[in-house]
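Letter by letter, the chains look like this.
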Amino acid sequence: MCGIVGIYLKSKKFEKSLGGMLSKMLVSMESRGPDSAGFAIYNSDKNKIYKYSVCLNEMSFEKFKKEIKKKVKFTTIEKNSDHVILKSTEKPNKILPILEDFSTISLVGYGKSIEIFKQVGKPSNVVKKFNLDNFSGTHAIGHTRMATESAITTDGSHPYSTGEDECLVHNGSLSNHNNLRRKLKKSGSKFSSDNDTEVAAGYISNSLKKRNLKKTLNKGLKDLDGFYTFIAGTHSGFAVLRDEIACKPAVIAETKDYVAISSEFQAMAHLPDVHYAKIFEPEPGIVYSWGK
Amino acid sequence: MILDLKKLKLRSVNEKLQNIDRKKNKRDFTISNPEGNHAICAGLTENIDVTIKGHVGYYCAGMNQNANIIVDGNVGTGVAENMMSGKVHVKGNASQSAGATAHGGTLIIDGDASSRCGISMKGIDIIVKGSVGHMSAFMAQSGNLVVCGDAGEALGDSLYETDIYVKGKVKSLGADCEEKKMSKKHKIKLKELLKKAGSNIKPEQFKRYGSARKLYNFNIDNVSNY
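The model shown is predicted, which means the values in this text are computed figures rather than measured ones.

What follows concerns the overall build of chain A. Along the backbone of chain A there are 7 helices and 15 strands. Relative to the globule expectation of 19 Å for 292 residues, the C-alpha radius of gyration of chain A, 18 Å, shows essentially globular dimensions. Summarising its shape, the C-alpha atoms of chain A cover approximately 55 × 40 × 35 Å along the three principal directions. In chain A, buried positions account for 48% of the 292 residues. Look at the contacts in chain A between residues 6 or more apart in sequence, and 74% of them connect residues 24 or more apart.

Below, the structure written as structure tokens:
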């Protein structure tokens, strides 16, 4: 099943309340995905500082802080429950190999504007744990997972981020992910789980090197076999795609201030002015995108 | 009587509407703040009027018998699924599988209905004033599907005996669905259906589609395909 949600703000009006809006959306999608939850939230990238979102897993914050400070000079290191956000002017090609050397931690995302938090447990607990209500930003994507094809772990939780400021959430299942994973590995992509969505995220990241998000998703209609509603985020916005059979639901509400998408309308029922919004279902096989 | 879903539990509202005291005259209800909840007004059996003010979730008015339900908003998947009788009027758009497997009654959708509208319908009359999505009337067995807008891909795939009327464009017809002659009998029927939905579009503007009846029996020439 799974629940997916997203908000893209068209004006600055709700930037401070973005976290609170997304939090309620995620909690109302708990019935669709009680196993784990996660969210990616995008904030301005004015100061050119990279943010690395890391899940510490079993490692203690103090130990990680001590170890990482030996290797990299960070401007800040912020703890949020079992995740940390490292902020540095150092580029990913330098930092990623260092983080990979830590065998117990998981890098869940990186970029100039993205921050990702995800964990197993009920969505209502996960949003509380990370204080999602206090986040602000320009756009955000979230997911509640009902696990089907791989284990209930942090690595099996969405969103998946396989490139700078990129992320993907998925409701559905892919049937050709093993073949596609093998192909992508040959061209240099790295995967941390057996999850089908991670493969789709890797596919998108790989394709984004050559083409824009809209063209990438249109190409994905041919290359990704299975059922899906995707929300793919980048630093400037997000795009939505449903497979051509369209078994997996999605509904979009658009007002002058925001665009919201969710698996079911009830996730959006609390949003401001939603009753005056233009509400529609994205048509199968059509890429919808919003961004600056 | 107003039933506010912000104050009352969905289950208690449905229980109330499912257990109407026939001796009392309260037969007019309004449900406020539906907030996209699922299964609102499912399983009603009495001849009552219910107006839902707002957008609803899945399976609204499912299994309806006799009740007259108006939704002043959009509906999620499977509105009026398995309806037996009565009337459901959606003033907004409907998600997929509207009127699925329904045996009777009338479903009117003022906006568009998405994919699989009238899937496996068994006697219901569905009138959509907008367009319908792909695979509409899939395996539809009986009743009428009227579409005042366009129809998506594979309309009427594996159709039995439902009559489909479409005013606009049909993207493609499904297996065993073909255009049929619009006889006087059909025009009269269509006029009656449109009138039910408050529409005065002329039946002459529609085309009728039905089953070619080639899938009813196994064709021995296809044996090598299996």
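Next comes the rest of the description.
Right, let's talk about the overall build of chain B for a bit. A count of helices and strands for chain B gives 2 helices and 11 strands. Helices and strands appear in chain B in the N-to-C order β-α-β-β-β-β-β-β-β-β-β-α-β. Expected size for 226 residues packed as a compact globule is a radius of gyration near 17 Å; at 18 Å, chain B falls within 12% of this value. Its C-alpha atoms put chain B at 60 × 40 × 30 Å along the principal axes. Considering only contacts in chain B between residues 6 or more positions apart, those separated by 24 or more positions represent 24%.

Residue and element names in this part refer to chain B. Relative to strand β4 (residues 68-72), strand β3 (residues 49-53) runs parallel, the two sharing 5 bridges. Residue pairing across strands places Ile-52 opposite Val-71, the latter belonging to β4. As paired elements, β4 and strand β5 (residues 87-90) share 4 bridges and run parallel to each other. Considered in β5, the bridge of Ile-70 is made with His-89.

Glancing now at the environment of Ile-2 of chain B. Residue and element names in this part refer to chain B. Within the secondary structure layout, Ile-2 lies in strand β1 (residues 2-4). Put simply, Ile-2 and Cys-117 are 115 residues apart on the chain and 31 Å apart in space, counted from C-alpha to C-alpha. Filtering out sequence-adjacent residues up to four positions away, Ile-2 remains in contact with Thr-30 and Ser-32.

The parts lose accessible area when they come together, and the size of an interface is often stated as this lost area. Residue and element names in this part refer to chain A. Taken domain by domain, chain A comprises domain 1 (3-39 + 135-291) and domain 2 (46-112). Distance from the C-alpha centre of domain 1 to the C-alpha centre of domain 2: 24 Å. With 8 residues of domain 1 in contact, the opposing surface of domain 2 contributes 9 residues. In terms of residue class, the side of domain 1 that touches domain 2 is made up of 1 nonpolar, 4 polar and 3 charged.

This part takes up the packing of helix α5 (residues 177-186) of chain A against helix α6 (residues 196-208) of chain A. In helix packing, the relevant descriptors are the interaxial angle and the interaxial distance, both defined with respect to the helix axes. Residue and element names in this part refer to chain A. The interhelical angle for the contact between α5 and α6, taken along N-to-C directions, is 40°, at an axis separation of 9 Å. Judged by the inter-axis angle, α5 sits oblique to α6. The two elements α5 and α6 meet at a crossing, and its hand is left-handed. Residues His-177, Leu-180, Arg-181 and Leu-184 of α5 form the contact with α6, whose own contacting residues are Asp-196, Val-199, Gly-202, Tyr-203 and Asn-206.

To continue, consider the pairing of strand β12 (residues 251-254) of chain A. Residue and element names in this part refer to chain A. Residues Val-251 and Ala-253 of β12 are buried on one face, while the alternating residues Ile-252 and Glu-254, pointing to the opposite face, are not. Where β12 and strand β13 (residues 258-262) come together, 4 bridges link them in antiparallel fashion. Note on β13: the bridge partner recorded for Ile-252 is Ile-261. Connecting β12 to the next strand, β13, in antiparallel fashion are 3 residues. As paired strands, β12 and strand β14 (residues 278-280) are joined by 3 bridges and run antiparallel to one another. Among the inter-strand pairings, Ile-252 is bridged to a residue of β14, identified as Phe-280.

The next subject is helix α7 (residues 213-223) of chain A. Every α-helix carries 3.6 residues per turn, so stepping three or four residues along brings you back to the same face. All of the buried residues along α7 of chain A are Leu-213, Thr-216 and Leu-217 of chain A. Around the axis of α7 of chain A, the buried residues are gathered within 95° of arc, so they sit on the same side.

Moving on, we come to the confidence of the model for chain B. For chain B, the mean per-residue pLDDT works out to 96, and 100% of the residues sit at or above 70. Complex prediction metrics read pTM 0.93 and ipTM 0.90.

Residues and elements named next belong to chain A. Strand order in the open sheet formed by 4 strands is β9-β10-β11-β15, and the pairing between neighbours is antiparallel. If you trace the sheet from one side to the other, it starts and ends with β9 (167-174) and β15 (288-291), each paired once. Neighbour to neighbour, the strand axes of the sheet diverge by 5° on average, direction disregarded. With 6 bridges connecting them, strand β10 (residues 226-234) and strand β11 (residues 237-242) associate as antiparallel partners. Looking at β11, one finds that Gly-233 is bridged to Phe-238. In the packing of α7 onto the sheet, contacts are made with β10, β11 and β15, and the angle to β11 comes to roughly 20°.

Below, the discussion takes up the sheet that holds strand β6 (residues 106-109) of chain B. All names here are of chain B. What the 11 strands build is an open sheet, ordered β1-β2-β3-β4-β5-β6-β7-β8-β9-β11-β10; its pairing is mixed. Edge positions in the open sheet fall to β1 and β10 (177-180), since each of these has one partner strand only. Here the strands of the sheet are splayed against their neighbours by 15° on average, with no regard to which way each runs.

What counts and what doesn't
- Residues numbered from 1 in each chain as written.
- Chains lettered and ligands numbered in written order.
- Predicted model: local features only at pLDDT ≥ 70, side-chain atom pairs only at ≥ 80, totals over all residues.
- Helix = DSSP H or I, 4+ residues; strand = E, 2+ residues; numbered from the N terminus.
- Rg over C-alpha atoms; globule rule 2.2 N^0.38 Å.
- Buried ≥ 20, exposed ≤ 12 C-beta atoms within 10 Å, placed from the backbone.
- Contact = placed C-beta atoms within 7 Å.
- Pairing = 2+ DSSP bridges.
- Domains from an automatic or database assignment.
- Nonpolar A, V, L, I, M, F, W, Y, C, P; charged D, E, K, R; others polar.
- Axes fitted to C-alpha atoms, helices over the stretch in contact; angles between N-to-C directions.
- Parallel < 35°, antiparallel > 145°, perpendicular 65-115°, else oblique.
- Left-handed = near helix turned anticlockwise from the far one by under 90°.
- Arc of directions from axis to C-beta.
- pLDDT = per-residue confidence, 0-100.

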